[in-house]
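# A look at the structure
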Amino acid sequence: MESVLRGIPASAGLVVGPVHLLRWEVPEVPQRIIAPGESDAEIARLHAAIARAQERLVTLRTRAEATAGAEEAAIFDVQLTMLGDAELVQAVEKLVRQTIAAEKAFDIVMLEWQQRFARSAVPMLRERVGDLTDVHIRVLSLLLDLPDHDPVDVPKGANAILVTHDLTPSLTLQLDRDAIGGIVTEAGTATSHVAILARSLGLPAVVGLRRASQVLKGGELVILDANEGTLTVRPTEAEIRDARLRAEADQARDEELREVAHAPAITLDGQSFVVRANVDIPEDAESAALSGAEGVGLMRTEFLVVGRAHMPEEEEQYRAYRRVVEAFRGRPVIIRTYDIGGDKLPVGGYPHEANPFLGWRAIRMCLDEAPIFKVQLRAMLRAAVHGDLRIMLPLVVTVDEVREARTLLEEAGRELAERGVSYRADVPLGVMVETPAAAVACDTFVRDVDFLSIGSNDLVQYTLAVDRGNVNLAPRYTPLHPAVLRLIREVAATGAAHDLPVGVCGEMGSQPLTVFALIGLGVRQLSVAPRAVPAVKRLIRSITVAAARDAVEAALRSSGTAREVELVLRRRLRVALGEA
Ligand code: PEP
Ligand code: MG
């Protein structure tokens, strides 16, 4: 068996620690018949498992309340209510009295309930299917005595490497940052939402490590090198020593970079850039404000929703947005309206679609569900009183969508005025350029918007027709494809011609080679993960715009493939940095 497993680096860092294997899936339940005289003991075993599951849920709720807030923690109340449901418990007991073992009886009843909920005409019940599955897994794991299944068990300071198939939002909510030192998932790619979440949590992560949970047993010591995307199983003493030395060197480099964090982002030929931070959860606001970022270029608001039992109320959202705006003390904070759909889904309650990335998502859903959208818009308009808040619409393909959104924004303002609540009416409104349609026709937006922000994660996906989250397609997801670069050049030129700021807030803004390309293509604003701010600034300060422009033009002239573009850019960047 190989000892180095390879995946996709998703959030930088290097950590040595024990594996915490989390199989968050309904386990196989063997058929087991008990003797009639054993049913009382079996029912007692069932009750003990339910009691233990309830205890764990209470622990999780308390923790989530402290870290994420009461609203997020409410998801665990729903699950506690399910476990306390007399009808459910009695149905399981009845099967046990018919000599079916507790785990099988519980499995049968839960499957029945899930089907009943999924088919229900009541949306509230359909939304609960995910919670039923969580409860199903939790109790079965206890009844079957499966090892190591709950992140709640990881002791503080363990520095454990959480290995799981996928990091779902409710799992994210359960993570104890004091116990978990790194994340490995079998699913996901560098731009999928598991990667974005890991970066927000500041935890080293490797995703797309396909056979991790088959190869690992749980408990063994491993080296997670999330800079390279590797996981070393059964490392030697020498490998561990070396990894620790490299981790120290990384830390020293981070400290060195911190010195550049607050320097202006100006190229050697005197061109100024704006480097802002992406903020994915409001709790990150304060640390992001210290990263050297000149504001927030993208605050994702989906994480207020995914994994939640209910859509957040206006007041809760207002507090979240205000927190970010205040942390940045008057600097611009661009908040994106809900980008729900695709791979960012609330718990249940969302239509199943054959092609979710081409489906009813983002601005499309918001415009169709105006009451939900207006709650968010009102919260934003109120928070705007506290600083320089700007609103950004995702996945726009036509200017009609902007106009409709503006109408709803005005209505939201009037509703606040009627309530006598203070708000700011003149909030700038911008759009994300994430589709070839928006890029090619970006001149059609210029009169209706205040800024453009290129969402390169999606722009690459839609231009190349490559699902950004599909690990089997990861090598085909090539941001340096000439088609992508030409679209970005077009958007930057249109922005410049109409005096509209054009930024990039996808992952292309974080990697040195793609930053070099973006600068050459005419982009002057970047928004990146807070941890990436210093390195991006250092790169900007080390090159000239002229060199970047020449490099990208040469690459586009002489190359027909992403690989060729990459080779030209790499060579030119080395020269520009004086390394060649
Ligand atoms: C993007 O698509 O580049 C982007 C920033 O948005 P998200 O990653 O949230 O889809
Ligand atoms: Mg996007």
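Note that the coordinates shown come from a computational prediction; the quantities given were computed from them, not determined experimentally. (Residues numbered from 1 in each chain as written. Chains lettered and ligands numbered in written order. Predicted model: local features only at pLDDT ≥ 70, side-chain atom pairs only at ≥ 80, totals over all residues. Heavy atoms only, no water.)

## So, the overall build of the chain
Stated precisely, the cut-off is as follows: Numbering of helices and strands runs from the N terminus; a helix is a DSSP stretch of H or I covering at least four residues, while a strand is a stretch of E covering at least two. Computation of the radius of gyration draws on C-alpha atoms, with the globule rule given as 2.2 Å multiplied by the number of residues to the power 0.38. When accessible area is computed with a 1.4 Å probe and restricted to protein chains, residues below 20% of their type maximum are described as buried, those above 50% as exposed, and intermediate ones as partly exposed. The contact definition used throughout considers only heavy atoms, calling two residues in contact when any of these lie within 4.5 Å. Shrake-Rupley sampling with a 1.4 Å probe provides the accessible areas, and residues are treated as covered by the protein chains on show and by no other component.
Tallying secondary structure elements over the chain gives 22 helices and 16 strands in all. Computed over its C-alpha atoms, the radius of gyration of the chain comes to 25 Å, within 12% of the 25 Å expected for a compact globule of 580 residues. Projected onto its principal axes, the C-alpha coordinates of the chain cover approximately 85 × 70 × 40 Å. When burial is assessed residue by residue, the chain has 57% of its 580 residues classed as buried. Within the chain, contacts between residues separated by at least 24 positions form 70% of all contacts whose residues are at least 6 apart in sequence. For the chain, the accessible surface area stands at approximately 23,900 Å², while carbon and sulfur atoms represent 52% of it.

## Observations regarding the domain arrangement of the chain
What counts is decided by this rule: In this document the domain limits rely on a domain assignment from an automatic tool or a database. Defined in terms of a 1.4 Å probe, buried area is the accessible area two parts forfeit on being brought together, summed over both. By definition, a salt bridge exists where a carboxyl oxygen of Asp or Glu is found within 4 Å of a side-chain nitrogen of Lys or Arg.
Considered domain by domain, the chain is made up of domain 1 (4–24 + 150–253), domain 2 (36–143) and domain 3 (273–576). Placing a centre on the C-alpha atoms of domain 1 and another on those of domain 3 gives a separation of 27 Å. If you look at the interface, domain 1 gives 17 residues, while domain 3 gives 20 residues. Here domain 1 meets domain 3 over a buried area of about 1,600 Å², counting both sides, of which 58% is carbon and sulfur. The salt bridge partner of Glu507 is Arg199, with a shortest N-O separation of 3.2 Å.

## Some points on the pattern of salt bridges
On inspection of all chains with the given rule, the structure shows 37 salt bridges. Across the salt bridge formed by Arg246 and Asp242, the nearest N and O atoms sit 3.2 Å from each other. A residue pair is termed a helical-turn pair when its members lie 3 or 4 positions apart in one helix, as Arg246 and Asp242 do in helix α10 (residues 237–261) at four residues. Exposure remark for Arg246: the relative accessible area of 33% places this residue in the partly exposed category. Between Arg378 and Glu415 there is a salt bridge, with its nearest N and O atoms 2.6 Å apart.

## A look at the coordination of the magnesium ion (ligand 2)
For the record, the criterion: Excluding water, the donors of a metal are its N, O and S neighbours within 2.8 Å, or within 3.2 Å for Na, K and Ca, and that exclusion means sites may look incomplete.
Looking at the metal site, the magnesium ion (ligand 2) is ligated by Glu434 (OE) and Asp458 (OD), spaced 2.0 Å from it. Remark: Asp458 occurs in helix α17 (residues 456–464) and Glu434 occurs in the loop between β13 (429–433) and α16 (436–440); sequence separation between them is 24 residues. Taken as a pair, Glu434 and Asp458 share a single burial class, namely buried.

## Some details on a positive patch on the surface
Selection rule: Here, patches come from residues exposed beyond 30% relative accessible area and free of salt bridges, joined within 9 Å for like charges and within 5 Å for nonpolar side chains (Val, Leu, Ile, Met, Phe, Trp, Tyr). Positive charges come from Lys and Arg, negative ones from Asp and Glu, while His and the chain ends are left out of the count. All charge positions are set by atom: Lys at NZ, Arg at CZ, Asp at CG, Glu at CD.
A cluster of basic residues, Arg557, Arg571, Arg572 and Arg574, forms a positive patch at the surface. For the positive patch, the element with the highest residue contribution is helix α22 (residues 562–576), accounting for three residues.

## What to know about the packing of helix α3 (residues 86–97) against helix α4 (residues 102–119)
Which entries qualify depends on this criterion: A fitted line through C-alpha atoms represents every axis, and for helices the fit uses only the stretch in contact; the resulting angles, taken between N-to-C directions, go from 0 to 180 degrees. Small angles under 35 degrees read as roughly parallel and large ones over 145 as roughly antiparallel, with 65 to 115 read as roughly perpendicular and the rest as oblique. Crossing handedness is defined as follows: a turn of the near helix away from the far one that is anticlockwise and smaller than a right angle gives a left-handed crossing, while the clockwise case is right-handed. In the scheme used here, Gly and all other residues not listed as nonpolar or charged are polar, with Ala, Val, Leu, Ile, Met, Phe, Trp, Tyr, Cys and Pro taken as nonpolar and Asp, Glu, Lys and Arg as charged.
The interhelical angle for the contact between α3 and α4, taken along N-to-C directions, is 135°, at an axis separation of 8 Å. Considered as vectors, α3 and α4 are oriented oblique to each other. Handedness of the α3/α4 crossing: right-handed. Residues Glu87, Leu88, Ala91, Val92, Leu95 and Val96 of α3 pack against Ala102, Ala105, Phe106, Ile108, Val109, Met110, Trp113 and Arg116 of α4. Looking at the contact of α3 with α4 residue by residue, the class counts come to 12 nonpolar, no polar and two charged.

## Overview of the packing of aromatic side chains
Short version of the rule: Ring pairs shown here join Phe, Tyr and Trp side chains whose ring centres sit within 6.5 Å, with only the six-membered ring taken for Trp; geometry is labelled stacked below 30 degrees between planes, edge-to-face above 60, and tilted in between. Throughout this description, the term charge over a ring refers to an Arg CZ or Lys NZ atom that lies within 6 Å of the ring centre and within 35 degrees of the ring normal.
Within this structure, the stated rule accounts for one aromatic pair. A cation over a ring is seen here: Arg116 above Trp113, with NZ or CZ 5.1 Å from the ring centre. One cation-aromatic arrangement involves Arg382 over Tyr318; the distance from NZ or CZ to the ring centre is 4.1 Å.

## A look at the nonpolar core
Put simply, the rule reads: Note on terminology: a nonpolar core comprises buried Ala, Val, Leu, Ile, Met, Phe, Trp, Tyr and Cys residues joined through side-chain atoms within 4.5 Å.
Counting 101 residues, the largest nonpolar core has Tyr321, Leu389 and Leu569 as the members making the most contacts within it. In this view, Leu569 contacts Leu480, Leu513, Phe516, Ala517, Ala551, Val552 and Ala555; residues no more than four positions away in its chain are not counted.

## Describing the site of ligand 1
The criterion, for reference: For this description, a residue counts as near a given molecule or strand if any of its non-hydrogen atoms is within 4 Å of it. Counted as a polar contact is a pair of N or O atoms within 3.5 Å, where, for protein atoms, one must be capable of donating a hydrogen and the other of accepting one, and residues adjacent in sequence contribute only when both atoms are in side chains.
Within the structure, ligand 1 sits among 16 residues, and Arg300, Arg336, Gly455, Asn457 and Arg468 are positioned closest to it. Within the side chain of Arg300, a nitrogen or oxygen atom sits 2.7 Å from an oxygen atom of ligand 1. Arg468 is positioned with one of its side-chain polar atoms (N or O) 2.7 Å from an oxygen atom of ligand 1. Burial of ligand 1 by the protein chains amounts to 100% of its free accessible area of 290 Å².

## Describing unusual backbone geometry
Despite not being glycine, Arg234 shows a phi value in the positive range, around 45°. Within the secondary structure layout, Arg234 lies in the loop between β8 (230–233) and α10. We note that Ala465 has phi near 55°; this positive angle belongs to a residue other than glycine. The residue Ala465 is located in the loop between α17 and α18 (482–497) in this model.

## Here's the deal with the pairing of β8
Applied cut-off: Strand pairing is defined by DSSP finding a minimum of two bridges between the two strands.
On β8, burial covers both faces: Thr230 and Thr232 on one face and Leu231 and Val233 on the other are all buried. Of the strand pairs in this sheet, strand β1 (residues 4–6) and β8 are connected by three bridges, and their pairing is antiparallel. Each bridged residue has a counterpart across the sheet, and for Arg6 the counterpart in β8 is Thr230. Sheet analysis places strand β7 (residues 221–225) next to β8, joined by four bridges and oriented antiparallel.

## With respect to helix α19 (residues 512–521)
The element α19 is largely enclosed, with a buried count of nine among its 10 residues. Buried within α19 are the following residues: Leu513, Thr514, Val515, Phe516, Ala517, Leu518, Ile519, Gly520 and Leu521. Taken together, the buried residues of α19 touch α18, β15 (502–504), β16 (525–528), α20 (533–542), α21 (545–558) and α22. Phi turns positive one or two residues past the end of α19, at Gly522, with a value near 105°.

## Remarks on the side chain of Glu434
No salt bridge forms around the buried Glu434; measuring N to O, its nearest opposite-charge neighbour Arg336 is 4.5 Å away. Of note is the side chain of Glu434, whose polar atom sits 2.7 Å from the backbone nitrogen of Leu395. Apart from the residues within four sequence positions on either side, Glu434 is in contact with Pro394, Leu395, Gly455, Asp458, Leu459 and Tyr462.

## Structural notes on the sheet that holds strand β10 (residues 296–299)
Pairing in this closed barrel of eight strands is parallel, and the strands run β9-β10-β11-β12-β13-β14-β15-β16 around the ring. Geometrically, the sheet is characterised by an average inter-axis angle of 30° between neighbouring strands, direction not taken into account. Across two bridges, β10 lies against strand β11 (residues 332–336) in parallel orientation. Within β11, the position partnered with Val296 by the bridge is Val333. Running at roughly 160° to strand β9 (residues 274–279), α20 makes contact with β9 and β16 of the sheet.

## Some words on α20
All of the buried residues along α20 are Val533, Pro534, Val536, Lys537, Leu539 and Ile540. In this fold, the buried residues of α20 make contact with α10, β9, α19, β16 and α22.

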